[in-house]
Each structure stands twice: as structure tokens, then as C-alpha cells.
Amino acid sequence: VDKALTLDLNGKVATASTGINALNVTTGGALNITDSGTTGKITGGTRAVMVNGGGSLTLTNGWLDGTGFDGVFVYGEGSSVTVNGGKITGLYYGISGNGSAAPSEYYGSTNILITGGTVQGGETAIFHPELGLLKITGGTITGGSYNGIEMKAGDLIITGGTIRHQVHIMPT
């Protein structure tokens, strides 16, 4: 997606093959996903949506599921993700980024805003290794076997919402 686009899932399910991202949002792209039905879902064989090159994703309703790695992957200067509602899930991460604060591994600042909805990862709900802002004002963030949120660089602002971490205890 390289232009402004609103996608209404209308209760439908779309699935990408193993190893494939269902949607890619790149330079000039502004994708708004909503669901006027109640069961709309996009499943990616790797990730549901990849956002890079300054593109933006806004999830209002619907379900984004990454069965191979993460639900939404965001990286690159100016790239952004806004979750106002709906659900994002991923095998390892609900939302993940790429990069670090080190100039040799710097892929640019991102902006992630969670105002509502649910973000859940099998290991970590949100993995933020890059520069940029992660702001949570609402919604439910649920981590799996590791963390609710894992910050390695950038800024984190939390003024609302619920953050949960699931603990798995192995029997001895």
C-alpha cells in the first residue's frame, strides 16, 4: 500500500500463505483498517502487516494475526502504527520494531500509539528496540512467556490501559 486507503473487512477473513506478509504499507501509504462486521480478520503467514518507509497503519476494528512471527512489524524513519480498537496478535510479538539506539543499527524513529483494542504476543506483546515513541493511553497489552512490553530504545509514555504478563511455570 503506497497511498491512502481504508480497508473495511466487513466480517471477511483474508489469509496469506506461509512466509508471506498479508499487507505491506510503505512510503506514501496510510492504511486504515476497520471492520463493519464482527469477525473480520487478516492473517499473515509471517506477519499480518509490515509498515516501513514512513508509512502508517491505523487499526480501528478487526483482527490482525501474524502466525509466523508478529502481528504488525514497524520500522523506518517516520513509520507509525495507531491502535484505536480491534486486536493484534502474533506468534512471538503482537507489535515489533527493528533497530536500536546505536547509529550502526539505526533504522529511524517510529511512532506507536495504543488508545484502545488489544495487543497480544506469544512471547512479548510489544517489542520496541528502535528509537521513537511508544505511547499507551488505553487498551489491553498482554504478553505471553516473556514480557508485556520490552523496551530497548526510544521513549515510553503510559497514561492508561492495562498491561498484563502471562507467567508460565514449568513443572519440575
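Everything discussed here concerns the structure shown above.
Predicted, not measured: the structure shown is a model, and the values here were computed from it. (Residues numbered from 1 in each chain as written. Predicted model: local features only at pLDDT ≥ 70, side-chain atom pairs only at ≥ 80, totals over all residues. Heavy atoms only, no water.)

## Topic: the overall build of the protein
On a plain count of helices and strands, the protein comes out with 0 helices and 20 strands. In terms of overall dimensions, the protein is globule-like: its C-alpha atoms have a radius of gyration of 15 Å, near the 16 Å expected for 172 residues. Judged by the C-alpha coordinates and their principal axes, the protein covers about 45 × 40 × 35 Å. In the protein, buried positions account for 46% of the 172 residues. In the protein, the proportion of contacts linking residues at least 24 apart, taken out of those at least 6 apart, comes to 56%. Carbon together with sulfur atoms contributes 51% to the accessible area of the protein, which is approximately 7,800 Å² in total. If the 8 positive side-chain charges of the protein are averaged to one point and the 11 negative ones to another, these points end up 8 Å apart. (Helix = DSSP H or I, 4+ residues; strand = E, 2+ residues; numbered from the N terminus. Rg over C-alpha atoms; globule rule 2.2 N^0.38 Å. Buried < 20%, exposed > 50% of the residue type's maximum accessible area, 1.4 Å probe, protein only. Contact = heavy atoms within 4.5 Å. Areas by Shrake-Rupley, 256 points an atom, 1.4 Å probe, with all protein chains shown as cover. Lys, Arg positive; Asp, Glu negative; His and termini not counted. Charge placed at Lys NZ, Arg CZ, Asp CG, Glu CD.)

## Considerations on a nonpolar patch on the surface
On the surface, a nonpolar cluster with roughly 240 Å² of combined accessible area is contributed by Phe69, Leu91 and Tyr92. Turning to its location among the elements, Phe69 is positioned in the loop between β8 (63-66) and β9 (70-74). (Patch = residues over 30% accessible without salt bridge, like charges linked within 9 Å, V, L, I, M, F, W, Y side chains within 5 Å. Salt bridge = Lys/Arg side-chain N within 4 Å of Asp/Glu carboxyl O.)

## Considering the pattern of salt bridges
Overall, the coordinates contain 3 salt bridges when judged by the stated rule. A salt bridge links Lys41 to Asp65, with the shortest nitrogen-to-oxygen separation between them at 3.9 Å. Of the two residues, Lys41 sits in strand β5 (residues 41-45) while Asp65 sits in strand β8, which places them 24 residues apart along the sequence. Look at Lys41 and you get buried, because its relative accessible area is 18%. The shortest N-O distance in the salt bridge between Glu150 and Lys152 comes to 3.6 Å. In this structure Lys152 comes out as exposed when scored by relative accessible area, which is 55%.

## A look at the sheet that holds strand β15 (residues 124-128)
Pairing is parallel across the open sheet formed by 6 strands, whose spatial order is β3-β6-β9-β12-β15-β18. Each of the sheet's edge strands pairs with one partner strand only, and the pair in question is β3 (23-25) and β18 (147-151). Here the strands of the sheet are splayed against their neighbours by 10 degrees on average, with no regard to which way each runs. Judged from the 3 bridges that link them, β9 and strand β12 (residues 93-96) form a sheet pairing that is parallel. Of the residues in β12, the one forming a bridge with Val72 is Ile95. (Pairing = 2+ DSSP bridges. Axes fitted to C-alpha atoms, helices over the stretch in contact; angles between N-to-C directions.)

## Comments concerning the nonpolar core
One recurring pattern in soluble globular proteins is that nonpolar side chains are buried together. In terms of nonpolar packing, the biggest core is built from 26 residues, with Leu64, Ile95 and Ile126 touching the most fellow members. Only β4 (30-34), β6 (47-51), β7 (56-59), β9, β10 (80-83), β13 (110-114), β15 and β16 (132-136) provide two or more residues apiece to this core. With 3 residues, the single largest contributor to this core is β6. Apart from residues no more than four positions distant in its own chain, Leu64 is found in contact with Ile33, Ile42, Ala48, Val49, Leu57, Leu59, Val72, Lys87, Ile88 and Thr89. (Core = buried A, V, L, I, M, F, W, Y, C linked by side-chain atoms within 4.5 Å.)

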